[in-house]
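# What the coordinates show
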Number of protein chains: 2
Amino acid sequence: MPAESQPSARLFPRRLPAGRLGVAVVSELVDLIVTGQLKEGELLPPEGPLSEHFGVSRTVLRESVKRLEEKGLVVVSQGRGTQVRAPGYWNMLDPVVLSALIDNDETLGVLDELTVVRASLESAMAGAVAGTRSADGLRRLENALTTMRESAGETDSFRQADVVFHYALMEISGNRLAENIAKHLYKRAVDSSRYQGIDTPDAFDLTLKEHAAIVDAISRQDVAAAQKAMHDHIHISWERRRLPDHAPRARDQASE
Amino acid sequence: MPAESQPSARLFPRRLPAGRLGVAVVSELVDLIVTGQLKEGELLPPEGPLSEHFGVSRTVLRESVKRLEEKGLVVVSQGRGTQVRAPGYWNMLDPVVLSALIDNDETLGVLDELTVVRASLESAMAGAVAGTRSADGLRRLENALTTMRESAGETDSFRQADVVFHYALMEISGNRLAENIAKHLYKRAVDSSRYQGIDTPDAFDLTLKEHAAIVDAISRQDVAAAQKAMHDHIHISWERRRLPDHAPRARDQASE
DNA sequence: CGCTGGCATACGTCATACCTTATCGCTCGA
DNA sequence: TCGAGCGATAAGGTATGACGTATGCCAGCG
């Protein structure tokens, strides 16, 4: 192999971080707070020392702290300093915060809670869809279901089709607030639980049956049945996945 | 009156904004986006002109834009500019965003949707409480209910007691995620619907009855009944309040 | 026609100076 | 002795100016 053949690729490996400096700062500070290393009420170091610690200018540090404030993690006041807020104030829909919460949760408690919330919201939306006799909506759901059937067997595309189905239902429901919240949660859930695969041999089949039950209830305009079908589906499918009781691991940031 | 008696108080009326400069900038930009004056995909003016427009330095303007980015309202990319994101990305739990949404919603649609979400989450939490036989929790709820009874007649303290009751139940439920989301929503709802008072003569009585039904179901550890009682209560009480069909108005920022 | 390179634009980062606010301690007078 | 008041210190807030870096466009060359 000639020495000069592919020099650029080997010599200039495209510097890794590249991303904005603030990202690393925010990420680290969020972790410190979520993991409790910085406790509620505690004061962060002043901007000067902190910016020096991270090796960034005070400007960047300040923008990062402003981000933390938006996430509800801290409150900053002139003359006093920046202190950590109680968890009740945290914006748990925030991707970074939610990911940090999930990653630092050995017992899967957060994902359990997330499942309860998703089940509540999505079942309400399923009920709403069943209530509004929307031919377009129903057709769209049936198409999504068909796509799932066709991709059964291929884990990746099946999961993607699964997401499409849930998203479609939420959009059809017309409740933009519930849709917004549920989608934020769902997105994080997918990114985090991706690791315990639906390896159960009959997972595809069960998932399809549950989805079919939802569509069926909606087509019959049976509100209560639609709610129950969605509620059961989300809880049951989570149980299927979490059973292997192994602690979830790893994280991948950006996802959308 | 001597000319020099109270010069500072009269001549320097403590500059109006008082708050940080960025607050006004963020507030105005949020409004522009939420009201659709800045449409999805549209580019904001560059930082230079924009900072000049608001009469602040580029520093302040940038921190404000970073806040908007955290709220999910815009996405900023180096070399290109800052563009408005689709509503699906907005963080609707954010106080400023949610308030703006509510204020710019003539049909009360947002509050209707908010009610659905609250009903779903709080009924789930009520069910959870009924499921866990917690003597402490039950006692706490009964105390809250008693406080409500005692303050019946006084709108303000009654409402406050109402909030205490709902908060208590959410905290007892043990689902911190649901609690977090529901509280954020509830907070905004209270701040916004405060204006159409519970003027119905029998409002106190009805509210008390509904709350009593919730506590009763929980004391009997009847999960389904507790869920239904809470669900009905939130929907019914909202119907009571929204009936006067008058458009909600006014806004007050800080509230917590 | 297609690729390359320059240039304008817009955000990213840094350094510095100065203002405003909050705290705390110290002085001084009642 | 005690409390009001003042001033020093600390920490965040704002303003500038300069330079770095990513994008996009377009002319010019092969």
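Residues numbered from 1 in each chain as written. Chains lettered and ligands numbered in written order. Predicted model: local features only at pLDDT ≥ 70, side-chain atom pairs only at ≥ 80, totals over all residues. Heavy atoms only, no water.

### Observations concerning the protein's contact with DNA strand C
Surrounding DNA strand C, one finds 23 residues, the nearest of these being L21, S57, Q78 and R80 of chain A together with R62 of chain B. For DNA strand C, the fraction of protein-proximal atoms (within 4 Å) that sit in sugar or phosphate groups is 75%. One of the backbone N or O atoms of L21 of chain A is found 2.7 Å from a phosphate oxygen in DNA strand C. Elements that contribute at least two residues to the surface near DNA strand C include exactly α4 (58-70) of chain A together with α4 (58-70), β1 (74-77) and β2 (81-84) of chain B. For the surface near DNA strand C, the per-class residue count stands at five nonpolar, nine polar and nine charged. (Near = heavy atom within 4 Å. Polar contact = N/O pair within 3.5 Å; in protein donor to acceptor, adjacent residues only side chain to side chain. Helix = DSSP H or I, 4+ residues; strand = E, 2+ residues; numbered from the N terminus. Nonpolar A, V, L, I, M, F, W, Y, C, P; charged D, E, K, R; others polar.)

### A few points about the relation of the copies chain A and chain B
Placing chain A over chain B gives an RMSD of 0.1 Å and needs a rotation angle of 180°, together with 0.0 Å of translation along the axis. One copy is carried onto the other by what is essentially a two-fold rotation axis. Most of the interface of chain A is mirrored in chain B, where 100% of its interface residues are also at the interface. (Least-squares fit on C-alpha atoms with pLDDT ≥ 70 in both. Contact = heavy atoms within 4.5 Å.)

### Overview of the protein's contact with DNA strand D
Around DNA strand D, the structure places 22 residues, and the nearest of them are E47 and R62 of chain A together with L21, S57 and Q78 of chain B. Note that a base nitrogen of DNA strand D is positioned 2.9 Å from one of the side-chain N or O atoms of R58 of chain A. L21 of chain B places a polar main-chain atom, nitrogen or oxygen, 2.7 Å from a phosphate oxygen of DNA strand D. Its residues assigned to classes, the surface near DNA strand D comprises five nonpolar, nine polar and eight charged.

### Here we look at the domain arrangement of chain A
Residue and element names in this part refer to chain A. Looking at the assigned domains, one finds that chain A contains domain 1 (10-89) and domain 2 (95-242). One C-alpha centre belongs to domain 1, the other to domain 2, and the line joining them spans 34 Å. The interface is formed by six residues belonging to domain 1 together with five residues belonging to domain 2. Where domain 1 abuts domain 2, roughly 470 Å² becomes buried across the two surfaces, and 82% of that area is made up of carbon and sulfur atoms. Scanning the region where domain 1 abuts domain 2 turns up zero residue pairs in polar contact (both at pLDDT 80 or more). Its residues assigned to classes, the side of domain 1 that touches domain 2 shows three nonpolar, one polar and two charged. (Domains from an automatic or database assignment. Buried area = accessible area lost by both parts, 1.4 Å probe.)

### A closer look at the interface of chain A and chain B
Taken together, the contacts link 37 residues of chain A with 37 residues of chain B. Across the chain A to chain B interface the summed buried area is about 3300 Å²; carbon plus sulfur atoms make up 50%. Considering only the surface of chain A that becomes buried against chain B, E70, E113 and L177 of chain A emerge as the three largest contributors, covering 20% of it. Linking chain A to chain B there are twelve salt bridges. In this structure, K71 of chain A engages E70 of chain B in a salt bridge whose closest nitrogen and oxygen atoms are separated by 2.6 Å. Along the contact surface separating chain A from chain B lie 20 residue pairs in polar contact (both at pLDDT 80 or more). (Salt bridge = Lys/Arg side-chain N within 4 Å of Asp/Glu carboxyl O.)

### Some remarks on the packing of helix α3 (residues 47-54) of chain B against α4 of chain B
Residues and elements named next belong to chain B. Between α3 and α4, the least distance of the axes is 9 Å, while the angle of their chain directions is 105°. Compared by their axis directions, α3 and α4 come out roughly perpendicular. Here E47, L50, S51 and F54 of α3 lie close against α4, whose contacting residues are R58, L61 and R62. Taken together, the residues that form the contact of α3 with α4 break down as three nonpolar, one polar and three charged. (Axes fitted to C-alpha atoms, helices over the stretch in contact; angles between N-to-C directions. Parallel < 35°, antiparallel > 145°, perpendicular 65-115°, else oblique.)

### A look at helix α11 (residues 223-242) of chain A
All names here are of chain A. Helix length check: α11 (20 residues) gives 29 Å between terminal C-alpha atoms against 28 Å at 1.5 Å per residue, within 8%. Among all positions in α11, only A226, A229, M230, H233, I234, S237, W238, R240, R241 and R242 are buried. Of the residues flanking the start of α11, the one acting as N-cap is D222, its side-chain oxygen 3.4 Å from the backbone nitrogen of A224. (Expected span 1.5 Å × (residues − 1). Buried < 20%, exposed > 50% of the residue type's maximum accessible area, 1.4 Å probe, protein only.)

### Describing the pattern of salt bridges
If you walk through the whole model with that rule in mind, you get 42 salt bridges over all chains. Across the pair E69 of chain A and R67 of chain B runs a salt bridge whose closest N-O atoms are separated by 2.4 Å. With E69 of chain A in helix α4 and R67 of chain B in helix α4, this pair bridges two chains. Note on E69 of chain A: relative accessible area 21%, which makes it partly exposed. Assessed through its relative accessible area of 17%, R67 of chain B is described here as buried. Among the charged side chains, a salt-bridge network with shared partners connects E47, R58, R62 and K66 of chain A together with E63 of chain B.

### Side note on the confidence of the model for chain A
All names here are of chain A. The share of residues in chain A with pLDDT of 70 or more is 85%, and the mean pLDDT across the chain is 88. Contacts for the low-pLDDT stretch residues 1-9, under 50 throughout, to residues beyond four places or in other chains number two contacts. Residue range residues 246-256 is modelled with pLDDT below 50. Its contacts to residues more than four positions away, or to other chains, number 28 contacts. (pLDDT = per-residue confidence, 0-100.)

### Things to note about the packing of aromatic side chains
All names here are of chain B. One pass over the full model with this rule turns up four aromatic pairs over all chains. The interplanar angle of 85° and the centroid separation of 4.8 Å between the aromatic rings of F158 and F204 together place this pair among those described as edge-to-face. A residue pair is termed long-range when its members are at least 10 positions apart, and F158 in helix α8 (residues 155-173) and F204 in helix α10 (residues 203-219) qualify at 46 residues. Among the residues examined, F158 registers a relative accessible area of 1% and is labelled buried. (Phe/Tyr/Trp six-rings, centres within 6.5 Å; stacked < 30°, edge-to-face > 60°.)

### What about the nonpolar core?
By size, the foremost hydrophobic cluster in this structure holds 131 residues, and its most contacted members are I181 of chain A together with I181 of chain B. Leaving out residues up to four positions away in the same chain, I181 of chain B has contacts with L93, V117, I181 and L185 of chain A together with L93 and L121 of chain B. (Core = buried A, V, L, I, M, F, W, Y, C linked by side-chain atoms within 4.5 Å.)

### Re unusual backbone geometry
In the Ramachandran plot, Q221 of chain A falls in the positive-phi region, its phi being about 55° despite a non-glycine side chain. Counting through the fold element by element, Q221 of chain A comes out in the loop between α10 (203-219) and α11.

### Overview of the environment of G22 of chain A
All names here are of chain A. Its place among the elements puts G22 in helix α2 (residues 21-34). A C-alpha to C-alpha distance of 40 Å links G22 and H231, two positions 209 residues apart in sequence. In this view, G22 contacts V60 and S64; residues no more than four positions away in its chain are not counted.

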